[in-house]
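Topology and contacts: notes
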Amino acid sequence: KGNLTQVDHVVVGGAPPVQEWTPGTGTCTVNPDCPGAAVINTPSVPTPLDIHFVVVNNGKQINQVVDADASIAIGIRVN
């Protein structure tokens, strides 16, 4: 519905975050053909994270890339 909450473990410049799993919030959009974009605000980094992703496997997985440094992540839904 356009908003998200998450926890993350963001390493910046080789330094791990002060809090191992840091809560974050943001906004996102998903196109009907499954690609999308998000902006995540987390105290782990000084500026919002711009992310692009694609939803796959019938909505059970998200493959994403962080725009700033082209790091990737895969999120798998756990029931």
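This text goes with the structure placed above it.
Residues numbered from 1 in each chain as written. Predicted model: local features only at pLDDT ≥ 70, side-chain atom pairs only at ≥ 80, totals over all residues. Heavy atoms only, no water.

1. Thoughts on the layout of surface pockets
The calculated volume of the largest pocket comes to roughly 910 Å³. Lining the largest pocket are 38 residues, and of these Gln6, Ile40, Ile51, Gln64 and Val66 sit closest to its centre. If you tally residues by element for the lining of the largest pocket, the top one is strand E6 (residues 71-76), at six residues. The residue makeup of the lining of the largest pocket, split by class, is 23 nonpolar, nine polar and six charged. (1 Å grid on protein atoms, 1.4 Å probe; cavity = no way out; pocket = protein on both sides within 12 Å on 5 of 7 lines; lining within 4 Å. Points joined across faces, edges and corners; volume = space filled by probe spheres on them. Helix = DSSP H or I, 4+ residues; strand = E, 2+ residues; numbered from the N terminus. Nonpolar A, V, L, I, M, F, W, Y, C, P; charged D, E, K, R; others polar.)

2. A few points about the pairing of strand E3 (residues 35-41)
Here E3 shows a clear split, with Gly36, Ala38 and Ile40 buried on one side and none of Pro35, Ala37, Val39 and Asn41 buried on the other. Summarising the sheet, strand E2 (residues 22-30) and E3 pair through six bridges and their orientation is antiparallel. Looking across to E3, one finds that Val30 is bridged to Gly36. With antiparallel pairing between neighbouring strands as the criterion, E2 and E3 make up a hairpin whose turn holds four residues, including Cys34 at a positive phi of roughly 90°. Judged from the six bridges that link them, E3 and strand E4 (residues 49-56) form a sheet pairing that is antiparallel. Bridge assignment links Val39 to a residue of E4, and that residue is Asp50. (Buried < 20%, exposed > 50% of the residue type's maximum accessible area, 1.4 Å probe, protein only. Pairing = 2+ DSSP bridges.)

3. A short note on the nonpolar core
Residues Leu4, Val10, Ala38, Ile40, Val45, Leu49, Ile51, Phe53, Val55 and Val66 constitute the largest nonpolar core, which totals 10 residues. Sorting the residues of this core by element identifies E3 and E4 as the ones contributing at least two each. Considering every element that reaches this core, the biggest residue donor is E4, with four residues. Once residues within four sequence positions are removed from consideration, Val10 is found in contact with Ala15, Pro17, Ser44, Val45 and Leu49. (Core = buried A, V, L, I, M, F, W, Y, C linked by side-chain atoms within 4.5 Å. Contact = heavy atoms within 4.5 Å.)

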